[in-house]
Amino acid sequence: MSEFFLELFSEEIPPKLQISARKNLYENLKKFFEENEILIKGKLNVYSTPNRLIVYIDKITKQISKKSEEIRGPNVNSPDKALEGFLRSNNINKSQVFTKKTQKGEFYFYKKPSQKINTASLLMEHLPNILTKITWNKSMKWGNHNFFWGRPLKSILSIFDGKKLDFNFYHLKSSNITFIDKELEEKIKVFNSFKSYNSFFKSQGILIDQEKRKLFISNEILKISKVKKIKINLKKELLEEITNIVEKPKILFCEFDKKYLSIPKEILIITMQSHQKYFPTFDNKDNLINNFIVVADNKDSKGLIKLGNERVIEARLNDAEFFWKKNRSQNLVKQVSKLKNINYFKGLGSYFDKAQRIRKLCGIISDEMLISKEKIEIASSICKVDLMSDLVGEFPELQGIMGGYFAEAQGFDKEISLAVSEHYLPIGMDSMIPRKPYSVALSISDKLDSLVGFFGINLKPSSSKDPYALRRMAISLVRLIVENNSTLKLKDLINYSSMLYKDQGFEFDIKILQKDLSEFILERLKNYLKDKQVRNDIIESSTKISNVDEILKIYKKSIALNKNIKKDFGQDVISIYKRSSKILYSEKENSLEILGSADPGLFKNDFEKNLYKRIHDIRKYFSSIGKTENYEESLKTLSLAKNEIDAFFDNVIVNDNDPSIKKNRLELLKMLCKSFENYFNFSKIEA
């Protein structure tokens, strides 16, 4: 077995492009090896540093053996040109072909002899094409070269079995040489094995393997947290990004002036994490403290890197403090009218228009949720004002959050401030969700207004594209309803929201909008149920005959059935329904109209009477439960019909000679199925 080693040296590649290129290169090589039957006993490794994209396989077969095979050519009755093309494509002459009869006729054949092919030769031939297939979200073309890459590609080092692989890739020729200093590109070195390559860079403090870099960074940070007795949130996305920014990581413990802790913590955290790529630190009570972690890309023996980062954060936080003091004193109510100058979306008016629509929606919802109409209307009127602040201009991620802080600083009720702060939440499937009634009402109103607006101007998502994040908005709406046990009637709210747009001069086709948006929200409910590990057949059955007003009910029924379907009473429910509906289905082709209204006067035995009584008990149960239904108890109630239905089928012939008796028995079964459908249609459920 041999070693294969490839390095692509370029100018610094951003983290996301690095990650994508690694994945692309791995998949392209894996596919190539499989298609060419190249055996790998070791692992296919793809590494990267900001300047280097590296492939390493420690055990790869030196040669591959191709077995002899018969290649079928054209039919013997085909034109001469077809045979000539076959000969040319296989690089053979006519004396090497023979004819052979098959089930489809007589054809020309060529017996390709067995052969041994050097893996090195295949790699030299195909590597340029493999590299060309790397896709970049953003690429660059430079100089006079007709070549696109993530960043300018400077050299290619390629080694197989200790020897260089020669191939050309656009303007570059592969070699066994690479640059060893990314800053001073005149420093080069020859390598003939990955071991010597890896050892050399390790001696320079460079970790080639990104997973080892990530582990080193996280371990070093955890050591600091233990020594200093502080908490450090190793945010996954930030750790991944930093890992791909540095190649020889050094962990620095820095600090900023304590006076900045008076600024809202979200400003400090976003400044450190998003803008500066630092890790903020917390005390044991989860309070932010004035230290932060920097992952440098070099040694800091003189402390200059530490000092430089502390100066940078000082400047950033000084600006943030200035804007915080300025913005929090600007009267929120007086600024509401200025929202007229900020366009919400073309065809949907300004943010002032949006705030007015949200205010009226909140007024309707307040009646349903039994909360103060005055409070929620104040919250909705000022919820978008922070968009005009310098802080949100600098930190867009703080929309809503800053509005909540401004409201609190200006003496608004705590429930109003919290509602403003949380009205963008949740953001998708995993985000924190508002729990307080005012926050829930404002969040639902904001999201519903946006969904109605975008669907109204026909900008709903198509296939995988969702530029306005409407799927995320709808799944958030589903979560707000389900996780807050809300019974709001979305259908009425969608209609009312459409009318609010109409009052502002925006005309929508309400009928089409209602249909499309309701289906869209129910589709998001399906995704939500899938995320809760509910079976697909249950999801499909529960949403098939339901409407958008029953989101909470659909969810609870599905969860209850999913939890109990393998239990005896769950299995009984399914078998009762399926056994009954199967007979009804078999009668579909007949002209009988079965509505589900059996006549007790036509009963001929106690088995029919007992089943009728059980159906009556089930109906009585469903008519009495109201909004307090226990869905597990409902399933148990349905399962109680097992004895009656078994006795009925064991002792009663449904297909009676008397047409009226037969029809009445079918009506009885239809009554049973309709009673079960008070829960939902079980026909799609797999036993």
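Here goes a summary of the coordinates provided. (Residues numbered from 1 in each chain as written. Predicted model: local features only at pLDDT ≥ 70, side-chain atom pairs only at ≥ 80, totals over all residues. Heavy atoms only, no water.)

1. Topic: empty space enclosed by the protein
In the structure shown here, the tally under the stated rule is one cavity of 30 Å³ or more. Estimates place the volume of the largest cavity at around 40 Å³. Taken together, N327, Q330, L332, Q335, V385, D386, M388, S389 and F406 make up the lining of the largest cavity. Looking at side-chain class alone, the lining of the largest cavity contains four nonpolar, four polar and one charged residues. (1 Å grid on protein atoms, 1.4 Å probe; cavity = no way out; pocket = protein on both sides within 12 Å on 5 of 7 lines; lining within 4 Å. Points joined across faces, edges and corners; volume = space filled by probe spheres on them. Nonpolar A, V, L, I, M, F, W, Y, C, P; charged D, E, K, R; others polar.)

2. Looking at the sheet that holds strand β6 (residues 97–102)
For sheets, the rule is that strands pair by backbone hydrogen bonds, running either parallel or antiparallel. With respect to topology, three strands assemble into an open sheet ordered β5-β7-β6, the strand pairing being antiparallel. The open sheet has two edge strands with one neighbour each: β5 (69–75) and β6. Geometrically, the sheet is characterised by an average inter-axis angle of 40 degrees between neighbouring strands, direction not taken into account. Strand direction decides the pairing type here: β6 and strand β7 (residues 105–112), joined by six bridges, are antiparallel. By the bridge assignment for β7, T99 is matched with Y108. Lying over the sheet, helix α2 (residues 80–89) contacts β5, β6 and β7, oriented at roughly 155 degrees with respect to β5. (Pairing = 2+ DSSP bridges. Helix = DSSP H or I, 4+ residues; strand = E, 2+ residues; numbered from the N terminus. Axes fitted to C-alpha atoms, helices over the stretch in contact; angles between N-to-C directions. Contact = heavy atoms within 4.5 Å.)

3. Focus: the packing of helix α21 (residues 568–586) against helix α23 (residues 631–639)
With their axes 8 Å apart at the nearest point, α21 and α23 run at an angle of 55 degrees to one another. With respect to each other, α21 and α23 are oriented oblique. The way α21 lies across α23 gives a crossing that is left-handed. Every residue of α23 that contacts α21 at F569, D572, V573 and I576 is listed here: E632, L635, K636, L638 and S639. Along the lines of polarity and charge, the residues of the contact of α21 with α23 split into five nonpolar, one polar and three charged. (Parallel < 35°, antiparallel > 145°, perpendicular 65-115°, else oblique. Left-handed = near helix turned anticlockwise from the far one by under 90°.)

4. Here's the deal with the packing of aromatic side chains
Here the structure, examined in full by the defined rule, presents 44 aromatic pairs. With a centroid separation of 5.2 Å and 75 degrees between ring planes, the pair formed by Y621 and F622 is classed as edge-to-face. By relative accessible area, which is 16% here, Y621 ends up buried. Looking at F622, the relative accessible area reads 12%, which means it is buried. Through a chain of ring-to-ring contacts, the aromatic side chains of F5, Y47, Y56, F191, F194, Y197, F200 and F201 assemble into a single cluster. Across the ring face of F569, the terminal group of K636 is positioned such that the distance to the ring centre comes to 5.4 Å. (Phe/Tyr/Trp six-rings, centres within 6.5 Å; stacked < 30°, edge-to-face > 60°. Buried < 20%, exposed > 50% of the residue type's maximum accessible area, 1.4 Å probe, protein only. Lys NZ or Arg CZ within 6 Å of the ring centre and 35° of its normal.)

5. Considerations on helix α4 (residues 194–203)
The set of residues buried in α4 consists of F194, Y197, F200 and F201. Along the long axis of α4, the arc covered by the buried residues comes to 135 degrees, so they all point the same way. Residues of α4 that are exposed and point over 90 degrees away from its buried face: K195, K202 and S203. Looking at the buried residues of α4, the elements they touch are β1 (2–10), β2 (44–48), β3 (52–60), β15 (177–179) and β16 (188–190). Remark: G205 follows α4 within two positions and exhibits a positive phi of approximately 85 degrees. (Arc of directions from axis to C-beta.)

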